[in-house]
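# Reading the structure
Residue strings, one per chain:
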Amino acid sequence: MKEEKNFGYKEAAQRLYRLLARREYSAAEAKEKLLHDGFSEETAEEAVAKAVEGNVISDARYAEALVRTRLAAGKGRRGIERELAQKGIAPELISEWGQSPGDDEGQELERALEVLCKRPPRSKNPRDAGYRKLISKGYSSPIASTAVRLWCEGEQVSG
């Protein structure tokens, strides 16, 4: 952390708006960024609180965008929830995860299979390699196991 600056709210707000012009931040990330830049805890909290109050920073909006991009990239729900928690956002802020609540597990399984089909693991033991790949992408163990089993059965049928 840099040495604390003797700047007030105005300078912290200006720094915050410059950061937000480049990309969206969660409230916790924005505060951490200001603290890292040397602003006092009180000044950083005030700047972030006013940005949240004015809807310039929205954890819900940030989380929705993060979930959409991670799902599109083939990431699993467990890994996305872990990333949200690291950014100081409760996963409960996500209302629908971009899918119908009743079909959550089915769509997660489809995404896992898609990951394996798009870039099949190249290994002497494709089952283990596929499982490791899915786990590393944030899929739960039951989803990864099922997806790998279905993928391997499909390989044997079509191969």
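What you see is a predicted model, and the numbers here were worked out from it, not measured in a lab.

A few words now on the overall build of the chain. A count of helical and extended segments in the chain gives eight helices and zero strands. A buried classification covers 36% of the 159 residues belonging to the chain. Looking at the chain alone, contacts between residues at least 24 apart form 63% of all its contacts between residues at least 6 apart. On the chain, roughly 9,700 Å² of surface is accessible, and the fraction owed to carbon and sulfur atoms is 49%.

Notably, Asn55 is not glycine yet its phi reads approximately 60°, a positive angle. Tracing the chain through its elements places Asn55 in the loop between helix H3 (41-53) and helix H4 (59-72). By relative accessible area, Asn55 is classed as partly exposed at 49%.

Now for the pattern of salt bridges. Inspection of the entire model under this criterion finds twelve salt bridges. Among the salt bridges present, the one from Glu29 reaches Arg23, with a minimum N-O distance of 3.7 Å. For Glu29, a relative accessible area of 15% puts it in the buried group. When salt bridges with common partners are traced through the structure, they connect Arg23, Glu29 and Lys87 into a single cluster.

Put simply, the chain has an average pLDDT of 86, and 86% of its residues get 70 or more. Of all the helices and strands in the chain, helix H8 (residues 141-158) carries the lowest mean pLDDT, 83, while H3 carries the highest, 95. Contacts for the low-pLDDT stretch residues 98-103, under 50 throughout, to residues beyond four places or in other chains number four contacts.

As a packed pair, helix H2 (residues 27-36) and H3 sit with axes 9 Å apart at the nearest point and diverge in direction by 145°. You can see that H2 and H3 cross each other, and the crossing is right-handed. For the pair H2 and H3, contact is made by Ala27, Ala30, Lys31, Leu34 and Leu35 and by Glu41, Ala44, Glu45, Ala47, Val48 and Val52, respectively. Counted by class, the contact of H2 with H3 contains eight nonpolar, no polar and three charged residues.

What follows deals with the nonpolar core. Ranked by internal contacts, the top residues of the largest apolar core, which has 15 residues, are Leu16, Ala30, Leu34, Val48 and Ile57. Listing elements by their share of this core, those giving two or more residues are helix H1 (9-22), H2 and H3. Counting residues in each nonpolar core, the second largest holds twelve residues, with Tyr139, Ile143, Ala147 and Val148 among its members.

A few words on H2. If you check which residues of H2 are buried, you get Ala27, Glu29, Ala30, Leu34 and Leu35. Where H2 is buried, its residues contact H1, H3 and H4. Following H2 by one or two positions, Gly38 has its phi on the positive side, about 100°.

Rules used in this analysis
Residues numbered from 1 in each chain as written. Predicted model: local features only at pLDDT ≥ 70, side-chain atom pairs only at ≥ 80, totals over all residues. Heavy atoms only, no water. Helix = DSSP H or I, 4+ residues; strand = E, 2+ residues; numbered from the N terminus. Buried < 20%, exposed > 50% of the residue type's maximum accessible area, 1.4 Å probe, protein only. Contact = heavy atoms within 4.5 Å. Areas by Shrake-Rupley, 256 points an atom, 1.4 Å probe, with all protein chains shown as cover. Salt bridge = Lys/Arg side-chain N within 4 Å of Asp/Glu carboxyl O. pLDDT = per-residue confidence, 0-100. Axes fitted to C-alpha atoms, helices over the stretch in contact; angles between N-to-C directions. Left-handed = near helix turned anticlockwise from the far one by under 90°. Nonpolar A, V, L, I, M, F, W, Y, C, P; charged D, E, K, R; others polar. Core = buried A, V, L, I, M, F, W, Y, C linked by side-chain atoms within 4.5 Å.

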